[in-house]
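# Fold and contact review
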Amino acid sequence: MEALLKVEDLKLYFRTTKGVVQAVDGVSFELASHTAMVIVGESGCGKSSLAKAILRLLPRNTHTYTGKIYIDGIDAMSLSDEQFRRQIRWQKISYVAQAAMNALNPVIKVGSQVAEPLLIHRRMRKEEALRKVVETFQIVGVPTDFVDRYPFELSGGMRQRAVIAMALVTNPKLVILDEPTSALDVLTQANIMNALKRIKEEFELTYILITHDIATSSELAERAMVMYAGQIVELGNAGHFYLEPLHPYSQKLMASVPTLREDKELDFIPGQPPSLINPPAGCRFAPRCHKRFSACDREPPMVDYKDGRKIKCHLYA
Amino acid sequence: MKRLWETLQELTRFKSALVGLGILAFIVALAIYTVIAIPYGEAVRLWRGGEDVWRYNPVNAKPAWISYFTPRKLPQTRVLRSEEHAQMEEETVGKTSRKVTITYQFRYTADLPPSELALVYKPVFKKKSPLVSVTWVTPDGREYTFGRITVKSVSVHGRYWYSVSRDQKLVQLFGTQNVEEGLFCRADDPKRVQKGDHRVVITAYLFEPDASIETELVLYGTVHGLAGTDHLRRDIMVGLLWGTPVALSFGLAASLGTMITSVIIAALGAWFGGFVDSLIQRLTEIRMIIPTLPILIMVGMFFSKSIWVILATLLVLNIIESSVKNYRAIFLQEKNAPYIEAARSYGAGHMRIIFRYLIPRVIPWLIPSFVLAVPSYVFLEAALAVLGLGDPVLPTWGKVLSDAYGRGALFQGHYYWVLEPAFMLMVTGFGFTMIGHALDRIFNPRLREI
Amino acid sequence: MQDQALISVKNLHKWFELRKWGFIHVGFVRAVDGVDFDIQHGEAVTFVGESGCGKSTLARTILGLYQPTKGEIFFEGKRLQRLGRWYRSQVGYIQQDPYGALPPFMNVRRILLEPMVVNRWGTRAERERRIREVLEEVKLTPVEDFIGKFPHMLSGGQQQRVVIARSIVLNPKLLVADEPVSMLDASVRVEILQLLQRVQEAHNLGVVYITHDLSTVRYFSERIFVMYAAKLVEKAPVRELIHNPLHPYTRALLDAIPDPDPENAFKFKEVPPGEPPSLLNPPPGCRFHPRCKDKIEGLCDREIPPEFEPVPNHYVSCWLYK
């Protein structure tokens, strides 16, 4: 199957007063159409920066932004900013930012805010756009009369749905969801996950779900990517990843997830993730790794393991 | 302390702040120097002055450095003392009288005539005062005899001032020209100075055996010192110098005083809420519609013009100023912060929470606004002085401006008189603003660049 | 003494008055509405519930930050009227957001010193010794590396350790932990939970552990109280509750919690419709009945269910078990 999204050696560095932060450092992956991929990792591992790099939402202090991104066959890196905005953003890829539900403008009606992408990217008339918003609200499960309400009149779950509606309203192919449920209650979270699953099937969508909550991520995942210190350390099918993680970091991460139903001894990863300014040479996880050996001083290769899995670790070389 | 040092280090990253710090350092150094070099009492004496203190200064002279910008050579003030610059001859006339001849011979090369001429007699006698007359021989040989007077009344310092410029005979003689031009300019071209040697002969008759006389010939220049002089011959430098510590202390005291008190009041209101808060809010609102300037003017008119009384009034007025509302908004947000709740949970009392937890939290916001507020108070002091409410004894920048304004300095071409204090005000404001904005960038996370 | 409950809460209510323009009475937000429970010495109890169910208000009322509207709290048999300093030194408080819980302008020493200064605890040397002691206890070692640091120089996990250190510095008997790990990274969560457990066991502390995340509960506490719309609907030992949930709300809650399992992606979850009721105007009868698929018409929507004990030590407020 043709990949919907193909990323090659993507780098995004930021300039700070303390030095250059290598937030995304040489990330390559492919994502087939109509699949959901989760990106998991600790906070500060670069997963949100990766989303921003794909969407070219770059802050002012961007230092390096290189690599190749192909979206639906279009070489996105060759586009100018204006072309990118017209052809890619909200046309091909839309984005639900972290805590977007709290970023709704409190003095503008929800419907008008959700209609915004249509007015900008589709140049629709307002009435037409609002009709489309009502349609989308039905899909994500927001009562349609909420179109005329203000954000503070909606519960957290409803606001989150409205934000998801805003990402869906232009019928994109790929939706990037950055922690879409992390501030919500368990029941609401389950509700939204249900909705996301249903929408994916109905509209043949492709998802990238960014989260630090591994248990919740399993609700949606078909593919799983683990990031550590700006790099991919493991990439594979969700079925393999959740049952048998391979990279020592993935293993530790999985062992630290508390489970409700089965008894298991919880584990944790000692130490801190490295600073992305001057990350350690060789394997970046080596200082915290329980399986470290002499080879770890060198940069580990991306190993192609069986079942199409990729692991950045000397153990599998 | 460590954080202060870190902040300073971070400040040096901003070029504007470096400029600001440089200016501030200069101003502070100037202020310290002034207070040490010219103690308060001395400053007041100098500024009140009277003619005696400044007698040897020209009136409304420009600053001396002006001569660097003009091709003409401007005259400085010269005081020629008979002991040093003249030859004295004495001969006995009759029984007890003596005739003293004091002959000055000096070269004049400036391109402008002196601004004023005076002769100072320092006679010593018991009853019979000496009789003097003057003969002035110009370089081109003209000879004028004038000033035949008895040196009768003598001031406390033993000096008798005779204004050559106002000598009746000379004034009549030169007609439309003034006396200085008459004596120093060429006969054929009354606007050009005749350079060369002047000879001034003073003949004095002394009528007592113990009597003596010394003289000084004062050729007032048209430039003086670093800052020039005003209409009362005062050196404007004194005003500029003493204006520095006054402006600094007034600005800092007013800014710090109003900030501290209004922060405390805002914190009390925000923390206790209810009646206390409402009362403070209403008072603030009432205060916001009362204009400050008229009240300060009234206090100045009816009560006291002392700068410290004005400062106190300003403090009282600004304690419940609109900034209380701003601080209150911050405190209302902060009072629900988890760490405040934690402090309550381990039993910290109201006062401890307000002073140890709430107020320290807003200090990062306060520091820039404190620094930025300093110039506005410095300007306010100057504005009050221009309105005639300046401190009556202290020399300040505002007072200098006020004098300049009152004497129509700009209409008479005395630009320096206005520009100098204005420059000091501007530089001070500039320095504080530069630092303030840099501090704002450091402390205010929203302005902070990553 | 051991048979006397550490803290005993009887029919506790905390209502907040809602006013329009500051004086017109609109109604009461019933954040805690008739709650009873006992916690023994050295027992850890979890309060679980969704946001807005009143669990944080309950925590604050226990801490004495709010004065109860009605009902009583007994601490070691003593009725708490006005909460004096003595009581405050008996209860430690651990908050959700470790960065917000630490005054950013104080260093670690000052932060730990504050409770002792406020409560006039010990001499200067004793205080200094105690600071070192608690820092070692929360594993912020070597102590010298941390004692002078400001909160922003510490990682989230380290900040939460400082918060824990502060909560135990006065040797309390009860800890109130309001979502202590929900803001932390998954890899750090376990570390902090284990630390809390160690501290609890070492000092035989009673713990009120408040969370919305049931999956962390089993690693920490002995009993779970489930809270829904300002009331406790179910109280049971952890294992019993997880394997035999009785209240329909508890069941829904447990069903909604995912374990990391690739199968999840192919299943839809059953979630009760609607959202929790407004605490300003809660529904009559059982507060869950509008969302409950097992509700008994005429009973659940009229009568408030009392507490039943269908299984020993397992209490549930639901008419299904009358």
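Residues numbered from 1 in each chain as written. Chains lettered and ligands numbered in written order. Predicted model: local features only at pLDDT ≥ 70, side-chain atom pairs only at ≥ 80, totals over all residues. Heavy atoms only, no water.

## Regarding the overall build of chain A
Note the threshold: Think of it this way: any DSSP run of H or I at least four residues long counts as a helix, any run of E at least two long counts as a strand, and we number them from the N terminus. The atom set for the radius of gyration is the C-alpha atoms, and the globule formula is 2.2 Å times the number of residues raised to the power 0.38. When a residue's accessible area, from a 1.4 Å probe over protein chains only, is under 20% of the maximum for its type it is buried; when over 50% it is exposed; and in between it is partly exposed. Whether two residues touch is decided by their heavy atoms; if any such pair falls within 4.5 Å, the residues are in contact. Here the Shrake-Rupley method, with its probe set to 1.4 Å, supplies the accessible areas, and only the displayed protein chains count as covering residues. Charge assignment in this entry is limited to Lys and Arg as positive and Asp and Glu as negative, and neither His nor the chain termini are counted. Charge positions come from single atoms, namely NZ of Lys, CZ of Arg, CG of Asp or CD of Glu.
Tallying secondary structure elements over chain A gives nine helices and twelve strands in all. Taking 20 Å as the expected radius of gyration for a compact globule of 317 residues, we find that chain A reaches 20 Å, a close match to that expectation. If you line up chain A on its principal axes, its C-alpha atoms span 65 × 50 × 45 Å. Across the 317 residues of chain A, 58% fall into the buried class. The long-range fraction of contacts in chain A, counting pairs at least 24 apart against all pairs at least 6 apart in sequence, stands at 64%. Carbon and sulfur atoms make up 50% of the accessible area of chain A, which totals about 12,900 Å². Averaging the coordinates of the 40 positive side-chain charges in chain A and doing the same for the 36 negative ones gives two points 5 Å apart.

## A look at the sheet that holds strand 9 (residues 223-228) of chain C
For sheets, the rule is that strands pair by backbone hydrogen bonds, running either parallel or antiparallel. Residues and elements named next belong to chain C. Heads up, the rule is: Here the rule is simple: two strands pair whenever DSSP picks up at least two bridges between them. All axes here are fitted lines through C-alpha atoms, helices being fitted over the stretch that makes contact, and every angle between N-to-C directions spans 0 to 180 degrees.
Pairing is mixed in the open sheet, where eight strands are placed in the order 6-7-8-3-9-10-12-11. The open sheet has two edge strands, strand 6 (91-94) and strand 11 (308-311), and neither has a second partner. The average angle at which neighbouring strand axes cross in this sheet is 20°, direction not considered. Bridge analysis of strand 3 (residues 44-48) against strand 8 (residues 206-211) gives five bridges, and the strand direction is parallel. Bridging across to strand 8, Val45 finds its partner in Val208.

## Remarks on empty space enclosed by the protein
Selection rule: The pocket and cavity definitions rest on a 1 Å grid over protein atoms only: a 1.4 Å probe that fits but cannot leave marks a cavity, an open set with protein on both sides within 12 Å along at least five of seven lines marks a pocket, and residues lining either have an atom within 4 Å of a point. Grid points are joined across faces, edges and corners, and a volume is the space filled by probe spheres set on the points.
Inspection of the entire model under this criterion finds eight cavities of 30 Å³ or more. Volume-wise, the largest cavity comes out at about 90 Å³. Taken together, Ala342, Ser345 and Tyr346 of chain B together with Arg88, Ser89, Val91, Gly92, Tyr93, Arg166, Ser167, Leu170 and Pro172 of chain C make up the full set of residues lining the largest cavity. Elements supplying a minimum of two residues to the lining of the largest cavity: helix 13 (338-345) of chain B together with helix 2 (85-90), strand 6 and helix 7 (156-168) of chain C.

## Considering the interface of chain C and chain A
Keep this limit in mind: Summed over both partners, the accessible area (1.4 Å probe) lost when two parts come together is defined as the buried area. A side-chain nitrogen of Lys or Arg and a carboxyl oxygen of Asp or Glu constitute a salt bridge if their distance falls within 4 Å. Each polar contact in these results corresponds to two N or O atoms within 3.5 Å; when the atoms are within protein, one needs to be able to donate a hydrogen and the other to accept it, and residues that are neighboring in sequence are counted only if both atoms are side-chain atoms. Residue polarity follows a fixed list, in which Ala, Val, Leu, Ile, Met, Phe, Trp, Tyr, Cys and Pro are nonpolar, Asp, Glu, Lys and Arg are charged, and the others, Gly among them, are polar.
Between chain C and chain A, the contact holds 41 residues from the first and 41 residues from the second. Of all residues in chain C, Ser187, Tyr219 and Pro260 of chain C give up the largest surface area on contact with chain A, accounting jointly for 16% of the area buried on that side. Linking chain C with chain A are two salt bridges. Ionic pairing is found between Lys269 of chain C and Glu219 of chain A, a salt bridge with its closest N-O pair at 2.4 Å. At the surface where chain C touches chain A, the tally comes to 17 residue pairs in polar contact (both at pLDDT 80 or more). Sorting the residues of the side of chain C that touches chain A by element identifies helix 8 (186-203), helix 9 (238-243) and helix 10 (248-256) of chain C as the ones contributing at least two each. Residue classes in the side of chain C that touches chain A are distributed as 18 nonpolar, ten polar and 13 charged.

## Details of the domain arrangement of chain B
Applicable threshold: Domain start and stop points were drawn from an automatic or database domain assignment.
When the domains of chain B are assigned, the result is domain 1 (2-48 + 234-443) and domain 2 (68-220). On a C-alpha basis, the centres of domain 1 of chain B and domain 2 of chain B stand 53 Å from each other.

## Details of the side chain of Ser49 of chain A
The topology assignment puts Ser49 of chain A in helix 1 (residues 47-54). When neighbours within four sequence positions are excluded, Ser49 of chain A is seen to be in contact with Leu12, Phe14, Ala23 and Val24 of chain A.

## Quick word on the nonpolar core
The condition is simple: Take the buried residues of types Ala, Val, Leu, Ile, Met, Phe, Trp, Tyr and Cys, join any two whose side-chain atoms come within 4.5 Å, and each joined set is a nonpolar core.
The biggest cluster of nonpolar side chains holds 121 residues, and the ones touching the most others in it are Phe331, Ile340 and Tyr357 of chain B together with Leu135 of chain C. With 17 residues, the top contributor of residues to this core is helix 8 (residues 236-272) of chain B. Discounting chain neighbours no more than four positions away, the residues touching Phe331 of chain B are Val263, Ala266, Ala267, Ala270, Leu358, Ile359 and Val362 of chain B. Judged by nonpolar contacts, the second largest core, of 100 residues, contains Phe29, Trp90, Phe146 and Ile210 of chain A.

## Remarks on the layout of surface pockets
Its boundaries defined by the atoms lining it, the second largest pocket holds a volume of some 720 Å³. Along the wall of the second largest pocket there are 33 residues; nearest its centre are Ser155, Gly156 and Thr188 of chain A together with Glu275 and Pro276 of chain C. When contributions to the lining of the second largest pocket are tallied by element, the ones reaching two or more residues are helix 5 (156-168) and helix 6 (186-203) of chain A. With six residues, the top contributor of residues to the lining of the second largest pocket is helix 6 of chain A.

## Observations regarding unusual backbone geometry
Thr141 of chain C connects to Pro142 of chain C through a cis peptide bond whose omega is -5°. Among the secondary structure elements, Pro142 of chain C is positioned in the loop between helix 5 (124-137) and helix 6 (143-147). Of note in the backbone geometry, Arg56 of chain A takes a positive phi value of approximately 50° without being a glycine. Counting through the fold element by element, Arg56 of chain A comes out in the loop between helix 1 and strand 4 (62-71).

## Observations regarding the packing of aromatic side chains
Residue and element names in this part refer to chain C. Basically, it comes down to this: The pairing test for Phe, Tyr and Trp rings, Trp by its six-membered ring, is centres within 6.5 Å, and the orientation test on the planes gives stacked under 30 degrees, edge-to-face over 60, and tilted for anything in between.
One pass over the full model with this rule turns up 27 aromatic pairs over all chains. Taken together, a centroid distance of 5.9 Å and an interplanar angle of 80° make the contact between Phe75 and Trp86 edge-to-face. Highlighted residues: Phe75 in strand 4 (residues 70-75) and Trp86 in helix 2, separated in sequence by eleven residues. A relative accessible area of 0% places Phe75 in the buried class. We classify Trp86 as partly exposed; its relative accessible area is 39%. Seen in terms of ring centroids, Phe75 and Tyr87 are 5.2 Å apart; in terms of plane orientation they differ by 80°. Their pairing is edge-to-face. With Phe75 in strand 4 and Tyr87 in helix 2, the pair connects residues that are twelve residues apart, well separated along the chain. The buried category is assigned to Tyr87, whose relative accessible area is 1%.

## Details of the sheet that holds strand 4 of chain C
All names here are of chain C. If you walk across this open sheet you meet the four strands as 2-1-4-5, and the pairing is antiparallel. Here the strands that pair on one side only, and so sit at the sheet edges, are strand 2 (24-39) and strand 5 (78-79). Bridge count for strand 4 against strand 5 is two bridges, and the pairing is antiparallel. Residue pairing for strand 5: Phe74 is matched across the bridge by Arg79.

## Side note on the pairing of strand 9 (residues 212-220) of chain B
Residues and elements named next belong to chain B. The buried fraction of strand 9 is high, at seven of nine residues. Sheet topology note: the strand 1 (residues 78-81)/strand 9 ladder contains four bridges and is antiparallel. Of the residues in strand 9, the one forming a bridge with Leu80 is Leu217. Pairing of strand 4 (residues 116-124) with strand 9 involves nine bridges; the strand directions are antiparallel. Pairing of Glu116 across the sheet is with Tyr220, part of strand 9.

## Here we look at the pairing of strand 4 of chain A
Residue and element names in this part refer to chain A. Here eight bridges tie strand 1 (residues 3-16) to strand 4, and the two strands are oriented antiparallel to one another. If you follow Phe14 over to strand 4, its bridge partner there is Thr62. Across two bridges, the pairing between strand 4 and strand 5 (residues 74-75) is antiparallel. Bridge pairing links Ile71 to Ile74 in strand 5. The antiparallel hairpin formed by strand 4 and strand 5 contains two residues in its connecting segment, where Asp72 sits at a positive phi of about 55°.

## Brief notes about the packing of helix 8 of chain B against helix 11 (residues 307-319) of chain B
Residue and element names in this part refer to chain B. To keep it simple, the criterion reads: Orientation categories follow fixed angle ranges, with anything under 35 degrees roughly parallel, anything over 145 roughly antiparallel, 65 to 115 roughly perpendicular, and all other angles oblique. Crossings are assigned a handedness: left-handed for a near helix turned anticlockwise from the far helix by less than a right angle, right-handed for a clockwise turn.
Closest axis-to-axis distance for the helix 8/helix 11 pair is 9 Å, and the angle between their directions is 25°. Taken as axis vectors, helix 8 and helix 11 run roughly parallel relative to one another. By crossing handedness, the relation of helix 8 to helix 11 is classed as right-handed. Between helix 8, through Val246, Ser249, Phe250, Ala253, Ala254, Gly257, Thr258, Thr261, Ser262 and Ile265, and helix 11, the contact on the second element is made entirely by Ile307, Trp308, Leu311, Leu314, Leu315, Asn318 and Ile319. Across the contact of helix 8 with helix 11, the residue classes tally to eleven nonpolar, six polar and no charged.

## Focus: helix 10 (residues 292-302) of chain B
Residues and elements named next belong to chain B. Inclusion rule: The arc in question is traced by the directions running from the helix axis to the C-beta atoms.
Of the residues making up helix 10, those classed as buried are Leu296, Val299 and Gly300. Each buried residue of helix 10 lies within a common arc of 100° when the element is viewed along its axis, so the set occupies one face. For helix 10, the exposed residues set more than 90 degrees away from the buried face come down to Met301 and Phe302. Considering only its buried residues, helix 10 is in contact with helix 11 and helix 14 (350-389).

## Considering the pattern of salt bridges
Under the definition given, this model contains 60 salt bridges over all chains. Note that Arg125 of chain A is salt-bridged to Glu127 of chain A, the shortest N-O span being 2.8 Å. Relative accessible area serves as the criterion here: at 51%, Arg125 of chain A is assigned to the exposed category. For Glu127 of chain A, a relative accessible area of 46% translates into the label partly exposed. A single salt-bridge network, built from bridges that share partners, covers Arg81, Glu84, Lys122 and Glu216 of chain B.

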